[in-house]
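# Examination of the molecular architecture
Listed here are the chains, written in short residue letters.
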Amino acid sequence: MKEISEILKAYTEAKSAGKKTALATVVKVEGSSYRQPGARMLVTEDGELTGAISGGCLEGDALRKALLSIHQKQNKLITYNTNNEDDIEVGLQLGCNGIVHILFEYIDEEASKNPIQLLQQLELERKEAVVVTIFSLKRNAIQQGTTLFYREENQILSHNDEVLDLISDVNEVLKSKTSIVKKLQTENENEALIEYINPPISLVIAGAGNDVQPLVKMASILGWKITVGDGRATHAIEKRFPKADKVNAVKPEEFLENITIDNQTYFVLITHNYKYDLAVLKLLLKTDCQYIGILGPKTKLNRMFDDLQNEGINVSEEQLERIYSPVGLDIGAETSEEIALSIVSEIKAFSAGKTGTSLKYKAGKIHDEIHYERSISK
């Protein structure tokens, strides 16, 4: 989501400057690739790039293809075969062992519901959504491009009525939270990238000490939305956390006020004030937040449980599953920067449904594959 946000910002700046643009999207991958379907890059007519469609090996040639799309005002599908280290077309030794299909879309500012207008809907609400991009690998086929934006409660935006036939598939992707590529039985042999997009992680930190500063900086780099809260008005100030979206000087019993909790909200308690952390934990146990990280040793957590039990609050097994303490992955962290890296890594792994183990011991491919569905009649 961070990449899309940066692309939307870059587009707004380009439009203000009167620059034409094209959007490059990885729509299909066969074999291995640095980026997966849904990766995007915005290109301006003067060669500015925002986002990425590879690790840097394709961007140079992709720039030329994007400029051609802008000049001709047409969508284009380009295929890069990175299995061949002597790829003549690209002129680089890529060695990624895969075939990458990239769609280049000219952004017509006058067109209703152009790709950028559809992607802009993602920032209007913190809700999951699905974006559909239609493409064809057939030579000289018309490339429809980004055609549909969908949210629950019938929030549908599309400039192509035919794509509405995919709504049942769109709903299934929204339910499974897994993107797919589906072949369509059409004259152009079209395929549809039906892409699930989650809102960015919302990290809520109880604590405004010096060790929170690197945590905020790292989370910001990842594009997370960050809220910092602390009872000390001298610490909870925006000047100390310029990368945070909100900084609140707040009593523990009021900590959750004005905070929306959804399935992308993660809490970390790091105040170094036992009573403050305990009070916030007591509030969080009443919510359905899926991750509560608590800094400190196991002895601190056990003391918290004892104090809660003395108040007649018994922590259930389900609640225990949501508490991560000591917070962070075991990477041997000691400094505040290392601890921040440990915490951010654990949250990232949790959000992706991963364990955080070394890729050395992972069997199979690094990335989870996009599912390729059977053809359907239209």
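All figures in this text were calculated on a predicted structure; none of them were measured in a lab.

## Notes on the side chain of Asp-61
Note that Asp-61 resides in helix H2 (residues 59-72). Exposure remark for Asp-61: the relative accessible area of 5% places this residue in the buried category. Within the structure, Asp-61 has its side chain in polar contact with the side chain of Tyr-80 (distance 2.7 Å).

## Quick look at the environment of Tyr-324
Relative to the elements of secondary structure, Tyr-324 occurs in strand E16 (residues 323-324). Measuring from C-alpha to C-alpha, the distance between Tyr-324 and Val-268 comes to 9.0 Å, with 56 residues separating the pair along the chain. What Tyr-324 contacts, discounting residues up to four positions off in sequence, is Gln-290, Tyr-291, Ile-292, Gly-293, Ile-294, Glu-346 and Phe-350.

## Concerning the UniProt feature "domain: XdhC Rossmann" (unreviewed entry) in the protein
The UniProt feature table records "domain: XdhC Rossmann" (unreviewed entry) at residues 203-347. Between the C-alpha atoms that bound residues 203-347 there is a distance of 9 Å. The span itself is 35% helix and 17% strand.

## Some points on the nonpolar core
Core analysis: the biggest nonpolar cluster contains 25 residues, and Leu-203, Ile-205, Val-216, Val-228, Phe-241 and Ile-347 have the highest contact counts within it. Mapped by element, the contributors of at least two residues to this core are strand E11 (202-206), helix H5 (212-221), strand E12 (225-230), strand E14 (265-269) and helix H9 (336-351). Filtering out sequence-adjacent residues up to four positions away, Ile-347 remains in contact with Ile-201, Leu-203, Trp-224, Tyr-266, Val-268 and Tyr-291.

## Some remarks on the packing of helix H6 (residues 274-284) against helix H7 (residues 298-310)
Contact geometry of H6 with H7 gives a least axis separation of 11 Å together with a crossing angle of 60°. Considering the angle they form, H6 stands oblique to H7. Crossing of H6 over H7 shows right-handed handedness. Contacts between H6 and H7 involve Tyr-274, Asp-277, Leu-278, Leu-281 and Lys-282 from the former and Lys-300, Arg-303, Met-304, Asp-307 and Leu-308 from the latter. Split into classes, the residues belonging to the contact of H6 with H7 amount to five nonpolar, no polar and five charged.

## Some words on the confidence of the model for the protein
Interpretation of this model should avoid reading the predicted coordinates in detail wherever pLDDT is low. Chain-level pLDDT for the protein is 90 on average; 92% of the residues reach the 70-or-more range. Confidence over residues 87-95 falls short of pLDDT 50; this stretch has 18 contacts with residues more than four positions distant or in other chains.

## As for the sheet that holds E11
Ordered by their spatial adjacency, six strands build an open sheet running E13-E12-E11-E14-E15-E16, and the pairing between neighbours is parallel. Two strands close off the open sheet at either side, each with one partner strand: strand E13 (246-249) and E16. Of the strands in this sheet, E11, E12, E14, strand E15 (292-294) and E16 are in contact with H6, which crosses E14 at around 155°. Packed onto the sheet, H9 meets E11, E14 and E16 and runs at close to 150° relative to E14.

## A closer look at the pairing of strand E10 (residues 190-197)
It is a general feature of regular strands that their side chains alternate between the two faces of the sheet. Summarising burial for E10: eight of the eight residues are buried, a large majority. The alternating pattern of E10 places Asn-190, Ala-192, Ile-194 and Tyr-196 and Glu-191, Leu-193, Glu-195 and Ile-197 on opposite faces, both of which are buried. In terms of strand pairing, strand E6 (residues 129-136) meets E10 through eight bridges, oriented antiparallel. Its bridge partner being in E10, Val-130 is matched across the sheet by Tyr-196. The pairing of strand E9 (residues 180-185) with E10 spans four bridges and is antiparallel. From the neighbouring strand, Ile-180 faces E10, where its bridge partner is Ile-194. Once E9 ends, the chain turns through four residues before running back antiparallel as E10, passing Glu-189 with a positive phi of about 55°.

## A look at H6
Of the residues making up H6, those classed as buried are Tyr-274, Tyr-276, Asp-277, Leu-278, Val-280, Leu-281 and Leu-284. Buried positions along H6 lie against E11, E12, E14, E15, H7 and E16.

## Here we look at the environment of Phe-350
Here Phe-350 is to be found in helix H9. For the pair Phe-350 and Ile-78, spaced 272 residues apart in sequence, the C-alpha to C-alpha distance is 35 Å. In this structure Phe-350 touches Tyr-266, Gln-290, Tyr-291 and Tyr-324, once residues within four positions along its chain are discounted.

## Things to note about the environment of Gly-328
For Gly-328, the location among the structural elements is in the loop between E16 and H9. A residue is classified by how much of its surface remains accessible, and Gly-328, at 15% relative accessible area, is buried. Distance in space between the C-alpha atoms of Gly-328 and Ile-294 is 9.0 Å, their sequence separation being 34 residues. In this structure, Gly-328 is in contact with Tyr-291, Ser-342, Ile-343 and Glu-346, ignoring residues within four places of it in sequence.

Rules used in this analysis
- Sequence order sets the numbering: in each chain, residues are counted from 1 along the sequence as written.
- Totals for whole chains, interfaces and linings use all residues, but because this is a predicted model, local features are given only for residues with pLDDT of at least 70 and pairs of side-chain atoms are given and counted only at 80 or more.
- Excluding hydrogens and water, the side-chain figures rest on all heavy atoms present in the structure.
- In this text, helices come from DSSP runs of H or I with a minimum length of four residues, and strands from runs of E with a minimum of two, each type numbered from the N-terminal end.
- For every residue, the accessible area obtained with a 1.4 Å probe (protein chains only) is divided by the maximum for its type, and the residue is called buried under 20%, exposed over 50%, and partly exposed between those limits.
- A 3.5 Å cut-off defines polar contacts: any pair of N or O atoms within that distance qualifies, except that in protein one atom must be a possible hydrogen donor and the other a possible acceptor, and neighbouring residues in sequence count only when both atoms are side-chain atoms.
- Throughout, a residue-residue contact means that at least one pair of heavy atoms, one from each residue, lies within 4.5 Å.
- UniProt positions are given in the numbering used here, feature names are shortened, and annotations may be inferred rather than shown by experiment.
- Definition used in this section: a nonpolar core is a set of buried Ala, Val, Leu, Ile, Met, Phe, Trp, Tyr and Cys residues joined via side-chain atoms within 4.5 Å.
- Where helices are involved, their axes are fitted lines through C-alpha atoms of the stretch in contact, as for all axes, and angles between N-to-C directions lie from 0 to 180°.
- Geometric relationships in this document are graded by angle, where less than 35 degrees denotes roughly parallel, more than 145 denotes roughly antiparallel, 65 to 115 denotes roughly perpendicular, and other angles denote oblique.
- Crossings are classed by handedness, with left-handed meaning an anticlockwise turn of the near helix from the far one by less than a right angle and right-handed meaning a clockwise turn.
- Ten residues, namely Ala, Val, Leu, Ile, Met, Phe, Trp, Tyr, Cys and Pro, are considered nonpolar, four, namely Asp, Glu, Lys and Arg, are considered charged, and the remaining ones, Gly among them, are considered polar.
- On a scale of 0 to 100, pLDDT captures the predictor's confidence in every residue.
- Strand pairing follows a simple DSSP-based rule, namely that at least 2 bridges must link the two strands.

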